[in-house]
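The primary structure of each chain is shown beneath.
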Amino acid sequence: MSRIDVSRLPVDPGPAAWNELLPDAAPAQSVEGKQTADWIIIGAGFAGLAAARRLSQLCPTDRIVILEARRVAEGPAGRNSGFMIDLPHDLSSSDYGGAREKDRVLTADNRHAIAFASEMADDFGLGEEIFSKCGKINGAATAKGVAHNREYAAHLASIGEPSDMLDAQSMKELTGADYYLGGLYTAGTAIIQPAAFVRGVAKGLSSDRVKIFEDSPVTGLQRCGDWTATTDAGKVTAPKVILAVNGHLDSFGFFKNQLMHVFTYASMTRPLAHEEMARLGGKRIWGITPADPMGTTVRRISSQDGDRIVVRNRFTFDPSMEVTALRIARVAKDHDRAFTARFPMLVGVDMQYRWGGRLCLSRNNVSVVREVDQGLYAACCQNGLGTTRGTLGGMLAAELATNTKSDRLDRMLAEAEPTRLPPRLITNFGAPAYLKFQEMKAGGEL
């Protein structure tokens, strides 16, 4: 018999702006009373929905219950920058790259996850405005950033991956801004509207056999033969459970002092007026990740009420997994500086939404896909790449739980556990200092 009391529930600061752009969802259906299923999945983000999709393929007659603490797309899945990246993208590296052979395998696995997500987008009729396999650009705003891009391009060439260097004029034609000295284009990334994607997948999966209950945070798990997940208003019992809760894995009692909890932050403008779009110029839809991993990500998007610009930067170490409104207000000043530096022609354009999103990282950059208790599986610790690595983790957790063999699963299971963190006093001082130092090094890329 096993008993787990969940120590904390998700808290997400600020609105999930991507979700705010969408029509209101239908009223939530929460768990009530006692229910039974063949599978319980906790979490309806990228990992949880991918796990449900894979289980529905492998066990088409099984009943799957997904328990989501909030509304679908209100949590981290609706708060990220929307890049589903195929190539090496290690946030702790100066140019994203790592060891060559490992990066070859990593790229193949990431592309498998992107293809799986693309298949869901096609099957559920999500459209190119929600899921677009258009590639991405690493934008370089400084000579150091250009050097990072050259180093990364050389690393990609060494593993057989093509890329295209863009000059300052090409970057201005794309963005309308003089800010960037160059860019590095790679073709394999999908750029998505993350909230529309997860809501669309959730709707497409929902059926008599796949039930999604929202506003149903799990407060406890108990195994006495089968597992029972307890919420405020009900209980669900099933033989097997998949935890797709990313950093909240340690809220369920697993990998304590092995997971690093980090927040990143974003702001989204109000809709641009036609005159403002004319002043800006450039193309209407694009996405730029920074040449330095600690720099500023920028997207221009088209919504129903007009074009908008999204900026994302700053990382903070927050082991409590909560941040205050004051923190978001402080970071907002950095967003405004980054926006004004890039788009001086848009002075007076205000930010309509500001928010934070939770990341979970491990010191050795590994994920957690494994059986953590009898019949209890984890698909967590996505190292800042929730769209791709979350999708992959969810798929592989479903394969592990159904004893479905694959080379990808073997590789995941062969990974080491997340490295233990130093004593808390050292971590609480050292992690913020390290992040601050890396941001200072990023310079104009931030």
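Residues numbered from 1 in each chain as written. Predicted model: local features only at pLDDT ≥ 70, side-chain atom pairs only at ≥ 80, totals over all residues. Heavy atoms only, no water.

J.: Tell me what's going on with the overall build of the protein chain, and back it up with residues and numbers.
T.: When you go through the protein chain residue by residue, the secondary structure sums to eleven helices and 22 strands. Taken over the C-alpha trace, the protein chain has a radius of gyration of 21 Å; the compact-globule value for 446 residues is 22 Å, and the two agree within 12%. Viewed in the frame of its principal axes, the protein chain has a C-alpha envelope of about 65 × 45 × 40 Å. Burial status across the protein chain gives 58% buried among its 446 residues. (Helix = DSSP H or I, 4+ residues; strand = E, 2+ residues; numbered from the N terminus. Rg over C-alpha atoms; globule rule 2.2 N^0.38 Å. Buried < 20%, exposed > 50% of the residue type's maximum accessible area, 1.4 Å probe, protein only.)

J.: Which residues make up the sheet that holds strand β12 (residues 220-224), and what are the values?
T.: The five strands lie next to each other as β1-β12-β13-β14-β2, forming an open sheet whose pairing is mixed. In this open sheet, the two edge strands, each paired with only one partner strand, are β1 (2-5) and β2 (33-36). Each adjacent strand pair in this sheet contributes to an overall mean axis angle of 15°, direction not counted. Across four bridges, strand β13 (residues 226-230) lies against strand β14 (residues 234-238) in antiparallel orientation. (Pairing = 2+ DSSP bridges. Axes fitted to C-alpha atoms, helices over the stretch in contact; angles between N-to-C directions.)

J.: An account of unusual backbone geometry is requested, with residue identities and associated values reported.
T.: One non-glycine residue with positive phi stands out, namely N257, at about 60°. Residue placement: N257 occurs in the loop between β15 (240-243) and β16 (260-269). Given the relative accessible area of 31%, N257 is considered partly exposed. For R314, which is not a glycine, the phi torsion comes out positive at approximately 75°. You can see R314 is positioned in strand β19 (residues 306-317).

J.: Quick rundown of the nonpolar core? Include the residues and the values.
T.: The biggest cluster of nonpolar side chains holds 60 residues, and the ones touching the most others in it are I41, L49, I66, F131, F197 and M268. In this view, F131 contacts M84, I114, A117, S118, A121, A190, I191, I192 and F197; residues no more than four positions away in its chain are not counted. Counting residues in hydrophobic clusters, the runner-up holds 30 residues, among them V31, A37, I42 and C380. (Core = buried A, V, L, I, M, F, W, Y, C linked by side-chain atoms within 4.5 Å. Contact = heavy atoms within 4.5 Å.)

J.: Explain the packing of helix α3 (residues 100-123) against helix α9 (residues 386-401) to me, using residue names and the numbers behind them.
T.: Remark: α3 packs on α9, axes separated minimally by 9 Å, with the N-to-C direction vectors making an angle of 80°. When the interaxial angle is binned, α3 and α9 end up roughly perpendicular. Contact with α3, carried on its side by L106, D109, N110, H112, A113, I114 and F116, involves T388, R389, T391, L392 and M395 of α9 and no other residues of that element. Residues of the contact of α3 with α9, tallied by class, amount to six nonpolar, four polar and two charged. (Parallel < 35°, antiparallel > 145°, perpendicular 65-115°, else oblique. Nonpolar A, V, L, I, M, F, W, Y, C, P; charged D, E, K, R; others polar.)

J.: So what's going on with the packing of aromatic side chains? Residues and values would help.
T.: Note on aromatic pairs: each is described by the distance of the centres and the angle between the planes. Throughout the structure, instances matching the rule amount to six aromatic pairs. Ring plane angle 85° and centroid distance 5.6 Å describe the contact between Y179 and Y180, whose orientation is recorded as edge-to-face. For the pair F339 and F343, a centre-to-centre distance of 5.4 Å together with 50° between the ring planes defines the contact as tilted. Note on F339: relative accessible area 4%, which makes it buried. A cation over a ring is seen here: R299 above F83, with NZ or CZ 5.9 Å from the ring centre. (Phe/Tyr/Trp six-rings, centres within 6.5 Å; stacked < 30°, edge-to-face > 60°. Lys NZ or Arg CZ within 6 Å of the ring centre and 35° of its normal.)

J.: So what about the sheet that holds β19? Which residues, and what values?
T.: Within a beta sheet, neighbouring strands are joined by backbone hydrogen bonds and run either parallel or antiparallel to one another. Strand order in the open sheet formed by eight strands is β8-β9-β7-β17-β18-β19-β16-β20, with mixed pairing between adjacent strands. Each of the sheet's edge strands pairs with one partner strand only, and the pair in question is β8 (164-167) and β20 (351-361). The sheet shows a mean angle of 25° between the axes of neighbouring strands, taken without regard to direction. The sheet contact formed by strand β18 (residues 297-303) and β19 spans seven bridges and is antiparallel. Within β19, the residue paired with S302 across the bridge is D307. Against the sheet, helix α5 (residues 168-175) makes contact with β7 (136-140), β8, β9 (182-186) and β17 (286-290), and its axis sits at roughly 80° relative to β8, the strand it touches most.

J.: Can you tell me about helix α6 (residues 194-205), naming the residues and giving the values?
T.: Each full turn of the α-helix corresponds to 3.6 residues, which orients residues three or four apart in the same direction. For α6, with twelve residues, the first-to-last C-alpha span of 16 Å sits near the 16 Å given by 1.5 Å per residue. Counting buried positions along α6 gives ten out of twelve residues, so the element sits mostly inside the fold. Turning to α6, its buried residues number three or more, namely P194, A195, A196, F197, V198, R199, G200, V201, A202 and L205. A side-chain oxygen of the first residue of α6 lies 2.9 Å from the backbone nitrogen of A195; this N-cap is Q193. (Expected span 1.5 Å × (residues − 1). Polar contact = N/O pair within 3.5 Å; in protein donor to acceptor, adjacent residues only side chain to side chain.)

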